[in-house]
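# Inside the fold
For reference, the chains in residue letters:
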Amino acid sequence: MTRLIAGAALALVPAMPVLAPAAIAAPVASDDPVSQMFVWWNEAFKTPGAFTPENFRKHFTEDATLVLEGKTVINGVEGWAKHFQKIQAGGGDVEIVVPFKDMFRVGDRVYTYHVIRSRRDGKTACSLAAGHGVIRDGKIASIVLVRSELDPAKGQTDPQCWTR
């Protein structure tokens, strides 16, 4: 009886999909507008002069807003460009980890749970962010996020955080 069960289990092995190690190690970002914008944003952060209103218009509606911790901090593509030009000019590295830890879409909203990591002046920082983007006509009309700073000294960390 044991041989019969083992034989049946082995017969199923060829039918099971095999994932290449690269497919496991390098997941691809979703094709939703929020994920695609952050893929662009990560590259733009590394590229001086890339945070222009014209480039933000490729991803955002003209009146797009950013709400952090319940407070509106950006209004319109001009505001997006100025806000991130200032952060970029401050030096260091910032990255939104894509693909997100979790993402799903309901109607015109894309919900995300993701890691934001940064390095500046020899120090690293990392936070978890959760929120949603509202999509209008294929572009982002708003992003609303809450963030929680992770403090390794308090045992708070995530495998996606930078450690150096």
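Thresholds applied
- Residues numbered from 1 in each chain as written.
- Predicted model: local features only at pLDDT ≥ 70, side-chain atom pairs only at ≥ 80, totals over all residues.
- Heavy atoms only, no water.
- Helix = DSSP H or I, 4+ residues; strand = E, 2+ residues; numbered from the N terminus.
- Expected span 1.5 Å × (residues − 1).
- Buried < 20%, exposed > 50% of the residue type's maximum accessible area, 1.4 Å probe, protein only.
- Contact = heavy atoms within 4.5 Å.
- Phe/Tyr/Trp six-rings, centres within 6.5 Å; stacked < 30°, edge-to-face > 60°.
- Lys NZ or Arg CZ within 6 Å of the ring centre and 35° of its normal.
- Core = buried A, V, L, I, M, F, W, Y, C linked by side-chain atoms within 4.5 Å.
- Salt bridge = Lys/Arg side-chain N within 4 Å of Asp/Glu carboxyl O.

So, about helix α5 (residues 76–89). One turn of the α-helix equals 3.6 residues, which is why residues spaced by three or four share an orientation. Taking 1.5 Å per residue as the helical rise, α5 with its 14 residues ought to reach 20 Å, and the 20 Å between its terminal C-alpha atoms agrees with that figure. For α5, the full list of buried residues reads Gly 76, Val 77, Trp 80, Ala 81, Phe 84 and Gln 88. Of the surrounding secondary structure, the elements contacted by the buried residues of α5 are α3 (33–45), α4 (53–57), β1 (60–68), β2 (71–75) and β7 (139–149). The first or second residue beyond α5 is Gly 91, which carries a positive phi of 85 degrees.

For Asn 42, the position within the fold is in helix α3. Aside from chain neighbours lying at most four places away, what touches Asn 42 is Val 94, Glu 95, Ile 96 and Val 98.

Let us now look at the packing of aromatic side chains. Considering all chains together, one arrives at 15 aromatic pairs under this definition. Look at Phe 56 and Phe 60: their rings are 5.8 Å apart centre to centre, the planes differ by 45 degrees, and that puts the pair in the tilted class. On the basis of relative accessible area, Phe 60 is assigned to the buried category, the value being 1%. The structure contains a cluster of three or more aromatic residues connected by ring pairs, namely Trp 40, Trp 41, Phe 45, Phe 51, Phe 56, Phe 60, Trp 80 and Phe 84. In this arrangement the basic side chain of Arg 119 is found over the ring face of Trp 162, its NZ or CZ atom lying 3.8 Å from the centre.

Another point: the side chain of His 59. Mapped onto the elements of the fold, His 59 is located in the loop between α4 and β1. His 59 gets classed as buried once you look at its relative accessible area, which sits at 17%. Beyond its immediate stretch of four places on either side in the chain, His 59 contacts Gln 36, Met 37, Trp 40, Lys 139 and Ile 140.

Grouped together as the largest cluster of nonpolar side chains are 28 residues, with contacts concentrated most on Trp 41, Phe 56, Phe 60, Trp 80 and Ile 143. Of all elements in the fold, only α3, β1, α5, β5 (109–120), β6 (123–136) and β7 reach the threshold of two or more residues within this core. Here this core gets seven residues from one element, more than from any other, and that element is α3.

All right, on to α3 then. Between its terminal C-alpha atoms α3 stretches 18 Å, which fits the 18 Å expected from 13 residues at 1.5 Å a residue. Counting buried positions along α3 yields 10 of 13 residues, so the element is predominantly enclosed.

This paragraph deals with unusual backbone geometry. In this structure, the amide linkage connecting Val 98 to the following residue, Pro 99, adopts the cis form with an omega of 5 degrees. Note that Pro 99 resides in the loop between β3 (93–96) and β4 (102–106). Even without glycine at this site, Asp 121 takes up a positive phi of about 50 degrees. Following the sequence through the fold, Asp 121 ends up in the loop between β5 and β6. Backbone geometry places Asp 137, a non-glycine residue, at a positive phi of 55 degrees. Its location among the elements puts Asp 137 in the loop between β6 and β7.

Here the focus is the pattern of salt bridges. For the structure shown, the criterion picks out eight salt bridges. Between Arg 119 and Asp 93 there is a salt bridge, and its shortest N-O distance comes to 3.5 Å. With Arg 119 in strand β5 and Asp 93 in strand β3, this residue pair connects regions lying 26 residues apart in the sequence. Residue classification places Asp 93 among the partly exposed residues on the basis of a relative accessible area of 35%. The partner of Lys 101 in a salt bridge is Asp 158, with the nearest N and O atoms 3.1 Å apart. In this pair, Lys 101 is assigned in the loop between β3 and β4 and Asp 158 in the segment after β7, connecting sequence segments 57 residues apart. In this structure Lys 101 comes out as partly exposed when scored by relative accessible area, which is 35%. Relative accessible area serves as the criterion here: at 10%, Asp 158 is assigned to the buried category.

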